[in-house]
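So you can see what is in the structure, the chains are spelled out below.
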Amino acid sequence: MKRGSARDHMPSKEEFEKLLKACELTDHPLLYRFIVLMTGIIGMRIGEVGHIKETWVDFVREIINIPSHEPCNCDYCRNTLKKTRKKRTGKKKKNTKTFEEELKEYWKPKTPAGVRSIPFGFNREVKEVLQEVITRYEGCPWSPKQIERRFRYLRDLAGMPHIHAHALRAYAATNFAYAGINAATLQTIMGWDDIETAVKYIRRSGALAEKEFERVFGKKKDSLSKFASKRIFYLTDLGKKLMNRKIRKDDEEWLRCLLNRLHERYLRQNSSVKISAADFKIYQLLTNKNMYQSQIAKKLGIRHDEVGDRIKILKSLGIIEPINPDSIPKFYKATRIVPVVLD
Ligand SMILES: [Zn+2]
């Protein structure tokens, strides 16, 4: 991730709470709260928040549907369209419609991936504030330009001039990743063009989880390594399902079939990787017995790094993710799967 990106200026949990508190000191607590929650909890772009209409919100299914376009004549839309038309001219492409004609189809999401559905029912505050704003105003009464200005006022009021409005979206994405939302879903909810951004957030949330471990188990490397060493993994959704499954009579066979299926699906490009009988034994020891890598090596009478190699496959199958991404290539130390429960 580039320096100076949204994630670097992201508020901490305390700062976010401070922002929300500061809303009460403004001339319009409801709308300020609305801005902070819509960007910081459900991760909408400011351009999107500024264009919310009653028709976007499905209160029964608790979903916001961002449409492919929405007629609008605000200063933000006029400026964006001006820039788009200028870009076209720069690329020697024709502007087939007149400005006013094209404005009838504006607003548009930033990219086609911006057309999406965002669930909001998981947060009571978002539900309440959204309901109230839509009931009172039938949409957001502030344009994106006004939102940006209002936000600058709010963050200064809260005494945090370093926080930018767009960093709230990064805050939401980080919390989604932290809560264990998978890359594909995160990409969809956030409306990103590529999955790479989602993967980066998930990796970084792993680093945050590691910090949380340090906080809980103490900063001393000793106490942490006694518990799990640096190479702590968290289970993906799939990993959790595997971990919590009822053990069947034919469990070994069942697990072998499942892993083979996953293997075919995820590693079709890499046909040289094959899952052997010893592999699924390792997976079993990891997932069922919660054993350290060194213990597994001893039990199976294989080399330490061989266990590490198989764990790498476990990762590429999407069953586990290491908390510290830097440790991916090496697995010489004890490895343990720890289901990380994140609040
Ligand atoms: Zn507009």
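None of these values were measured; they are calculated from a predicted model.

Calculation criteria
- Residues numbered from 1 in each chain as written.
- Predicted model: local features only at pLDDT ≥ 70, side-chain atom pairs only at ≥ 80, totals over all residues.
- Heavy atoms only, no water.
- Helix = DSSP H or I, 4+ residues; strand = E, 2+ residues; numbered from the N terminus.
- Buried < 20%, exposed > 50% of the residue type's maximum accessible area, 1.4 Å probe, protein only.
- Contact = heavy atoms within 4.5 Å.
- Areas by Shrake-Rupley, 256 points an atom, 1.4 Å probe, with all protein chains shown as cover.
- Donors = N, O, S within 2.8 Å, 3.2 Å for Na, K, Ca; no water.
- Tetrahedral: all angles 85-135°; square planar, octahedral: opposite > 155°, others 65-115°.
- 1 Å grid on protein atoms, 1.4 Å probe; cavity = no way out; pocket = protein on both sides within 12 Å on 5 of 7 lines; lining within 4 Å.
- Points joined across faces, edges and corners; volume = space filled by probe spheres on them.
- Pairing = 2+ DSSP bridges.
- Salt bridge = Lys/Arg side-chain N within 4 Å of Asp/Glu carboxyl O.
- Phe/Tyr/Trp six-rings, centres within 6.5 Å; stacked < 30°, edge-to-face > 60°.
- Patch = residues over 30% accessible without salt bridge, like charges linked within 9 Å, V, L, I, M, F, W, Y side chains within 5 Å.

Peer 1: Just to check I follow, could you spell out the overall build of the protein for this structure?
Peer 2: Of regular secondary structure, the protein possesses 16 helices and six strands. Of all 343 residues assigned to the protein, the portion counted as buried reaches 47%. Excluding contacts between residues fewer than 6 apart, the proportion of contacts in the protein whose partners are at least 24 apart in sequence is 70%. When the accessible surface of the protein is summed, it comes to about 18800 Å², and 52% of that surface belongs to carbon and sulfur atoms.

Peer 1: Can you help me understand the coordination of the zinc ion in this one?
Peer 2: Where a metal carries four tetrahedral donors, each ideal angle is 109.5 degrees; where it carries six octahedral donors, the ideal angles are 90 or 180 degrees. Donor atoms from the polypeptide that bind the zinc ion are His-51 (NE2), Cys-72 (SG), Cys-74 (SG) and Cys-77 (SG), placed at 2.0 to 2.3 Å. The site at the zinc ion holds four donor atoms, and with the angles between them running 97 to 115 degrees, its shape is tetrahedral. Counting residues between consecutive donors of the zinc ion along the chain gives the motif H-x20-C-x1-C-x2-C. Placement of His-51 in the loop between helix 3 (46-49) and strand 1 (57-58) and of Cys-72 in the loop between strand 2 (63-66) and helix 4 (75-90) is noted, with a sequence separation of 21 residues between them. The exposure class of Cys-72 is buried, given its relative accessible area of 16%.

Peer 1: Teacher, can you tell me more about the layout of surface pockets here?
Peer 2: The method is simple in principle: a probe with the dimensions of a water molecule rolls over the atoms, and the space it marks as empty is what remains. Taken as a whole, the largest pocket spans an internal volume of roughly 1200 Å³. What lines the largest pocket is a set of 40 residues, and nearest its centre among them are Arg-45, Tyr-76, Lys-110, Thr-111 and Arg-169. Counting residues per element, the ones that place at least two in the lining of the largest pocket are helix 3, helix 4, helix 7 (144-157), helix 8 (167-178) and helix 10 (195-217). Per-element accounting of the lining of the largest pocket gives the leading share, seven residues, to helix 4.

Peer 1: What am I meant to see in the sheet that holds strand 3 (residues 116-119) here?
Peer 2: One open sheet accounts for three strands, arranged 1-2-3; its pairing is antiparallel. The strands lining the two open edges of the sheet, one partner per strand, are strand 1 and strand 3. Relative to strand 2, strand 1 is paired through two bridges, and the arrangement is antiparallel. By the bridge assignment, Val-57 is partnered in strand 2 with Ile-64.

Peer 1: Sorry, what's going on with the pattern of salt bridges here?
Peer 2: Any two side chains of opposite charge can pair if their charged atoms end up close together. Tallied over the full model, the rule gives 15 salt bridges. The salt bridge partner of Arg-33 is Glu-24, with a shortest N-O separation of 3.1 Å. On the accessibility criterion, Glu-24 (44% relative accessible area) is partly exposed. Across the salt bridge formed by Arg-61 and Asp-58, the nearest N and O atoms sit 3.9 Å from each other. Each of Glu-24, Arg-33 and Glu-125 takes part in salt bridges that share partners, so that together they form one network.

Peer 1: So what exactly am I meant to see when it comes to the packing of aromatic side chains here?
Peer 2: One pair of aromatic rings is described through two measures. These are the centre distance and the angle between the planes. In the structure shown here, the tally under the stated rule is seven aromatic pairs. Three or more aromatic residues joined by ring pairs form one cluster here, namely Tyr-32, Trp-142 and Tyr-153.

Peer 1: Just checking my understanding: could you explain a nonpolar patch on the surface for this structure?
Peer 2: Together, Leu-25, Tyr-153 and Leu-157 give the surface a local cluster of nonpolar side chains, amounting to about 310 Å² of exposed area. With respect to the helices and strands, Leu-25 occurs in the loop between helix 1 (13-23) and helix 2 (29-40).

Peer 1: Looking at this structure, how should I read the environment of Lys-200?
Peer 2: Looking at the secondary structure, you find Lys-200 in helix 10. Under the relative-accessibility criterion, Lys-200 is labelled partly exposed at 33%. Spatially, the C-alpha atoms of Lys-200 and Ala-177 are 9.5 Å apart, while their sequence positions differ by 23 residues.

Peer 1: What am I meant to see in the pairing of strand 2 here?
Peer 2: If a strand is regular, its side chains alternate between the two faces of the sheet. Two successive antiparallel strands, strand 1 and strand 2, enclose a turn made up of four residues, where Glu-62 displays a positive phi of approximately 55 degrees. For strand 2 and strand 3, the ladder comprises four bridges, and the chain directions are antiparallel. Note that in strand 3 the partner of Ile-66 across the bridge is Arg-116.

Peer 1: I tried to follow unusual backbone geometry on my own but got confused; where do I start?
Peer 2: Across the chain, the bulk of peptide bonds are trans and the bulk of non-glycine residues have phi less than zero. Cis geometry is adopted by the peptide bond preceding Trp-107, which originates at Tyr-106 and carries an omega value of 10 degrees. Note that Trp-107 resides in the loop between helix 5 (99-103) and strand 3. Phi angles above zero are rare outside glycine, and Glu-62 is one such case at about 55 degrees. One can find Glu-62 in the loop between strand 1 and strand 2. Residue class for Glu-62 comes out partly exposed when judged on its relative accessible area of 24%. In the Ramachandran plot, Glu-138 falls in the positive-phi region, its phi being about 60 degrees despite a non-glycine side chain. Among the structural elements, Glu-138 can be located in the loop between helix 6 (124-137) and helix 7.

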